[in-house]
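One letter stands for each residue in the lines below.
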Amino acid sequence: MKTKKGEMRSVWRSKETLMMIDQRRLPHSLEVFEAKTLEDVVFCIKEMVVRGAPAIGIAAAYGTAIGIATGCGAGRTSTSLKSSRPTAMDLFHAVDHIIESARSGQNSFIAADSYCEEVVDKCRSIGRHGAGLIRDGMRILTHCNAGALASVDYGTALAPLRVAHQDGRRIFVYVDETRPRLQGALTSWELLNEGIEHRIIADNAAGYYMRAGKVDMVIVGADRITANGDFANKIGTYEKAVLAKENSIPFYVAAPSTTFDFSLASGESIEIEERDEAEVLEILGKRITPNGARALNPAFDVTPARYVTGFITEKGIFKPEDVKRFLGSP
Ligand code: MRU
């Protein structure tokens with residue numbers, strides 16, 4: 001991805017250290033966090049130094065390699081990483097994949113490098129497939145950040161927008177602010193770096209623009225997609241999907257095969273992470289709510305498959321009912 005410091009990825013490795021753009025500091029400061037131990041990696045995933053399902057998966061792949069190399073053992077490594085954040089499927093795939101590779105005698109860091117490159121390739125393909133949906137002049141709404149930051153490079157929901165823009169199509173993006181963690185600021189940071197025209201809107205402005213006929217398409221990412229095409233994504237996605245259907249706006253979900261979980265029949269079984277209420281009660285550590293007030297903070301919601309026009313994947317674009325048949329297991 002383009003940054004003021006040149007082309008960068010959000011996660012990479014330097015020898016046996018995991019390097020990550022610290023997403024807690026963006027958009028104001030571009031800092032790199034160095035994780036050297038299993039505990040460091042678990043901290044980074046929990047505290048959202050690294051975030052976004054594919055990027056969490058890649059961090060977990062390197063975290064597994066670090067755990068194995070530092071003598072934590074496969075069992076403890078797997079349990080610690082898998083208990084860091086429960087919803088994003090990629091983390092679970094990645095940990096199992098690296099442990100299996102280690103069991104078959106492969107160097108875990110090299111296995112993690114290959115896992116990372118495969119995910120980046122998948123995102124590149126998502127960009128090419130998804131760009132075919134985007135016509136010149138389209139106005140597209142996105143929620144949260146499903147860009148290069150969330151997937152190491154290219155992005156999932158943002159990948160088609162990047163490709164359409166690079167191909168010379170004029171696009172305009174509505175960027176949901178995305179309370180409570182405000183990941184819309186990360187999306188804006190990426191779009192500014194790419195020169196893609198956009199405006200940040202308060203989450204509750206989305207319906208206003210949809211009803212006014214000013215949104216042509218919605219593209220979001222996903223954290224876990226079940227066999228029937230239900231999917232979990234950042235809290236607030238469900239209401240955007242319902243509003244899109246009400247206003248006859250196509251609603252697409254972009255995700256690599258590592259985000260699909262065909263072991264779950266439907267979204268009812270997806271575990272939804274509850275995060276600290278301070279994320280709602282405070283902004284940048286400053287309390288904005290009355291002392292003594294309490295909050296609820298589900299990090300994700302589940303959108304039923306009937307609201308999804310199509311899944312944009314590395315293998316093509318599929319209707320929810322076709323996804324299992326065409327995608328199989330990753
Ligand atoms: O809590 P986060 O920021 O890790 O959640 C990420 C999302 O929900 C994103 O919207 C995304 O679609 C999944 S990552 C491409």
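Here the structure is a predicted model, which means the values were calculated and not measured.

Moving on, we come to the state of the cysteines. The final tally for this structure, using the stated rule, is zero disulfides. Take Cys72: it sits in no disulfide, and the sulfur closest to it among the cysteines is that of Cys44, at 15 Å. For Cys72, a relative accessible area of 14% translates into the label buried. There is no disulfide at Cys116, and the cysteine sulfur nearest it, in Cys123, is 9.8 Å away. Judged by relative accessible area, Cys116 falls into the buried class, the value being 3%.

As a further point, take the pattern of salt bridges. The full count for this structure, using the stated rule, is 24 salt bridges. Among the ionic pairs, Asp113 bridges to Arg13, the shortest N-O distance being 2.6 Å. Of the two residues, Asp113 is situated in helix H5 (residues 108-131) and Arg13 in strand S3 (residues 11-14); the sequence distance between them amounts to 100 residues. By relative accessible area, Arg13 is classed as partly exposed at 29%.

Turning our attention to helix H4 (residues 89-103). What sets the pattern is the α-helix's 3.6 residues per turn: residues three or four places apart point alike. Here H4 is 15 residues long and its end C-alpha atoms lie 22 Å apart, about the 21 Å a rise of 1.5 Å per residue gives. All buried positions along H4 are accounted for by Met89, Asp90, Leu91, Phe92, Ala94, Val95, Ile98, Ile99 and Ser101. Residues of H4 that are buried sit in contact with helix H1 (38-46), helix H2 (53-69), helix H3 (74-82), H5, strand S10 (224-226) and strand S13 (260-261). Gly105 occupies a position one or two residues after H4 and carries a positive phi of about 95°.

What follows concerns a nonpolar patch on the surface. A cluster of nonpolar residues, Ile283, Leu284 and Ile288, forms a patch on the protein surface that exposes about 320 Å² of accessible area. The exposure class of Leu284 is exposed, given its relative accessible area of 83%.

What follows deals with the environment of Leu91. With respect to the secondary-structure elements, Leu91 resides in helix H4. Discounting chain neighbours no more than four positions away, the residues touching Leu91 are Ile45, Ile56, Gly57, Ala60, Leu81, Lys82, Ser84 and Arg85.

A separate point is the domain arrangement of the protein. Split into domains, the protein comes out as domain 1 (2-121) and domain 2 (133-327). Relative placement of domain 1 and domain 2: their C-alpha centres are 22 Å apart. In this assembly, 32 residues from domain 1 lie in contact with 35 residues from domain 2. Taking both sides of the interface into account, the surface hidden between domain 1 and domain 2 amounts to around 2,800 Å²; carbon and sulfur atoms contribute 56%. Here domain 1 is connected to domain 2 by two salt bridges. The partner of Glu273 in a salt bridge is Arg85, and the shortest N-O contact between them spans 2.9 Å. In this assembly, domain 1 and domain 2 are joined by 18 residue pairs in polar contact (both at pLDDT 80 or more). Elements that contribute at least two residues to the side of domain 1 that touches domain 2 include exactly strand S1 (2-3), H2, H4 and H5. A per-class count over the side of domain 1 that touches domain 2 returns 18 nonpolar, six polar and eight charged.

At a closest axis distance of 9 Å, the pairing of H1 and H2 adopts a crossing angle of 165°. When the interaxial angle is binned, H1 and H2 end up roughly antiparallel. Two packed elements cross with a definite hand, and for H1 against H2 that hand is left-handed. Note on element contacts: H2 touches H1 through Ile56, Ala59, Ala60, Gly63, Ile66 and Gly67, opposite Leu38, Val41 and Ile45. Classifying every residue of the contact of H1 with H2 by side-chain character gives seven nonpolar, two polar and no charged.

Here is what the cut-offs are and how they apply
Residues numbered from 1 in each chain as written. Predicted model: local features only at pLDDT ≥ 70, side-chain atom pairs only at ≥ 80, totals over all residues. Heavy atoms only, no water. Disulfide = S-S within 2.5 Å. Buried < 20%, exposed > 50% of the residue type's maximum accessible area, 1.4 Å probe, protein only. Salt bridge = Lys/Arg side-chain N within 4 Å of Asp/Glu carboxyl O. Helix = DSSP H or I, 4+ residues; strand = E, 2+ residues; numbered from the N terminus. Expected span 1.5 Å × (residues − 1). Contact = heavy atoms within 4.5 Å. Patch = residues over 30% accessible without salt bridge, like charges linked within 9 Å, V, L, I, M, F, W, Y side chains within 5 Å. Areas by Shrake-Rupley, 256 points an atom, 1.4 Å probe, with all protein chains shown as cover. Domains from an automatic or database assignment. Buried area = accessible area lost by both parts, 1.4 Å probe. Polar contact = N/O pair within 3.5 Å; in protein donor to acceptor, adjacent residues only side chain to side chain. Nonpolar A, V, L, I, M, F, W, Y, C, P; charged D, E, K, R; others polar. Axes fitted to C-alpha atoms, helices over the stretch in contact; angles between N-to-C directions. Parallel < 35°, antiparallel > 145°, perpendicular 65-115°, else oblique. Left-handed = near helix turned anticlockwise from the far one by under 90°.

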